[in-house]
Structures are given as C-alpha cells and as structure tokens.
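Structural features, examined
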Amino acid sequence: MKKIKKVFLMVLCMILCFSFVSCNKSEEKVSLWENATYTEDQIFGNGKKTVVLEVKAEDKSVEFTFRTNTDVLADVLTEHNIISGDEGPYGIYVTCVNGIEANYDENKSFWSLEKEGLQLTTGVSETGIKDGDRFSFVYTIV
C-alpha cells in the first residue's frame, strides 16, 4: 500500500512539474512587434511619386508612405532600411521587414508581398511602382 501511495505521489508531482513548465513557456512567447523598427505610421522622402506600404504581422499593422522618384519597389524600401534579405538570382528574397524577421526554415514563416490585397507573382526587386500604388507585406506562417 505504501508503494502505491509513493508511486501515486511521484506521478502527481511529475504532472504538476510539467504543468508549471508548460505554463511558463507560453508566457515567454514574444510578440513579433517587440523587434519592430517602427510601431507607428511614418512618412519618408520627398520625391514626385507617393507609394504606400502596409506591414502586417500578428494582429497589428503599420503604414509607411514614401515620396520617391525611384521606379522599383525594392529600391525605395532598401533606401529607407525597411526591408533586408538575401540576394538571389531574382533579386532580394525578403527575410526582414521593419525589423521583423521571418524564417521559413525555423517556423515556416515568410513575407508575402501584396498589391491592393492581391498576392504578387513578382518579387520586390521586379515590382515597378507608380504614383498612388499601395502595397502590403504580410507576415505569413504556412
């Protein structure tokens, strides 16, 4: 009988220990926005074209308005350090937007580039811009 009580108490203690450990891990989850460069809307540049970029991650977003004379989206975004990534055969593979990292290998996350709500089939280095264009980078997890 004493052995059964000891085993029961050991199992109960183990369950409690695992419960506390799992509770602490959920509290450690860090918001993506803690690493963001900007958390409020910003305006950059003084060119003739106006282009807007919304950055969406989790349940938050921030909007950047660019006044530029450039013709390619990647140029204006790298000029103002909004994006970074790896250079490849098709231009920049964006891994960081507004200081928020996406890592497909680590957690199946990536940045989806959209124009007026539709996902683009061109990369940021191949996307031309015109006055009044609206783009979004959406943090996406597969």
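As a reminder, the structure under discussion sits directly above these lines.
Our subject in this report is the structure included herewith. Here the structure is a predicted model, which is why all the values come from computation and not from measurement.

1. Considerations on the side chain of T95
- If you trace the backbone, T95 turns up in strand β5 (residues 91-97).
- Once residues lying within four places of it in the same chain are set aside, the contact partners of T95 are S84, G85, D86, I100, E101, A102 and W111.

2. Section: the environment of G128
- Within the element layout of this structure, G128 appears in the loop between β8 (118-119) and β9 (134-141).
- Apart from residues lying up to four places away in sequence, G128 is in contact with D71, V72, D133 and F135.

3. Here we look at the pairing of strand β7 (residues 109-115)
- Counting buried residues along β7, five of its seven residues qualify, which places the element largely inside the surrounding structure.
- Examined bridge by bridge, β7 and β9 share seven bridges and lie antiparallel to one another. Residue pairing in the sheet places L113 in a bridge with F137 of β9.
- Counted along the chain from β7 to the antiparallel partner β8, the turn is two residues long, and its residue E116 has a positive phi close to 50°.

Parameters and conventions
Residues numbered from 1 in each chain as written. Predicted model: local features only at pLDDT ≥ 70, side-chain atom pairs only at ≥ 80, totals over all residues. Heavy atoms only, no water. Helix = DSSP H or I, 4+ residues; strand = E, 2+ residues; numbered from the N terminus. Contact = heavy atoms within 4.5 Å. Buried < 20%, exposed > 50% of the residue type's maximum accessible area, 1.4 Å probe, protein only. Pairing = 2+ DSSP bridges.

So yeah, pure geometry; function would need other evidence.
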